[in-house]
Amino acid sequence: MAVTLKVTDGEHGEWAVLRVSGEMDLVTSPVLRQRVHDAVADGRRSLVLDLSGVVFCDSSGVGVLIATRRLIRSCRGELRLILPAEGTDGGAVRTGPSEGGRGGQGAHVNRVLGALGVRRLFDVRTDVASAVDDVPDDHKEAGPLSA
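These lines cover the structure that appears in this document, whether it is placed above or below. Predicted model, so just to flag it, every value in this text is computed and none were measured.

Rules used in this analysis
Residues numbered from 1 in each chain as written. Predicted model: local features only at pLDDT ≥ 70, side-chain atom pairs only at ≥ 80, totals over all residues. Heavy atoms only, no water. Pairing = 2+ DSSP bridges. Helix = DSSP H or I, 4+ residues; strand = E, 2+ residues; numbered from the N terminus. Axes fitted to C-alpha atoms, helices over the stretch in contact; angles between N-to-C directions. Buried < 20%, exposed > 50% of the residue type's maximum accessible area, 1.4 Å probe, protein only. Core = buried A, V, L, I, M, F, W, Y, C linked by side-chain atoms within 4.5 Å. Expected span 1.5 Å × (residues − 1). Arc of directions from axis to C-beta. Contact = heavy atoms within 4.5 Å.

## Considering the sheet that holds strand β3 (residues 46–57)
Here five strands make up an open sheet; going across it, the order is β1-β2-β3-β4-β7 and the pairing mixed. The open sheet has two free edges, formed respectively by β1 (5–12) and β7 (123–125), since each of these has just one partner strand. In this sheet, adjacent strand axes meet at a mean angle of 25° when their direction is disregarded. Judged from the eight bridges that link them, β1 and strand β2 (residues 15–24) form a sheet pairing that is antiparallel. Each bridged residue has a counterpart across the sheet, and for V7 the counterpart in β2 is V20.

Listed below in structure tokens is the structure:
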């Protein structure tokens, strides 16, 4: 089975939205890195990465997310990630792994970021509408932390 990553562009007002689906790993992560750099080169400083369609993410993918955070912060911009709640897949509670043990879409990335202790570095939202809204989520305990 071929490893694939698809990144599609969108806009919501001042926000550039990159919808990511597939697998983020050593082979595919450079695609996302390049798309982020292209958006910044085009003058975009408010970026949403919709990771709800990502089924697998390894350390290379996490590295791209952290590098994206660093790049956007250096431009005095804002980065928001869209991830489904941990343990959910389209609203249904997950009871076991699917597709070779890789878990549900997007929720896998949430679990990986949590396990590595870096999820707190990101402003995580559940959908595009809340990501492009300037009002913080009610359920957030605090805003994004500085690092």
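Resuming the write-up.
## With respect to helix α3 (residues 107–116)
Of all the residues in α3, the buried ones are A107, H108, V109, N110, V112 and L113. After α3 finishes, the residue G117 shows a positive phi value of roughly 75°.

## Focus on the nonpolar core
Grouped together as the largest cluster of nonpolar side chains are 29 residues, with contacts concentrated most on M24, L32, L49, L51, L65 and L113. Of all the secondary structure elements, the ones that give two or more residues to this core are β1, β2, α1 (29–41), β3, α2 (59–74), β4 (78–82) and α3. Judged by nonpolar contacts, the second largest core, of six residues, contains W15, V17, V48 and A131.

## What to know about α1
Along an α-helix, residues three or four apart share an orientation, since each turn contains 3.6 residues. Here α1 contains 13 residues, and its C-alpha end-to-end distance of 19 Å stays within 8% of the 18 Å for a straight helix at 1.5 Å per residue. Those residues of α1 not exposed but buried are S29, L32, V36, A39 and V40. All buried residues of α1 fall inside an arc of 100° around its axis, so they share one side. Those residues of α1 that are buried are in contact with β1, β2, β3 and α2. Looking one or two places after α1, you find G43, whose phi comes out positive at around 90°.

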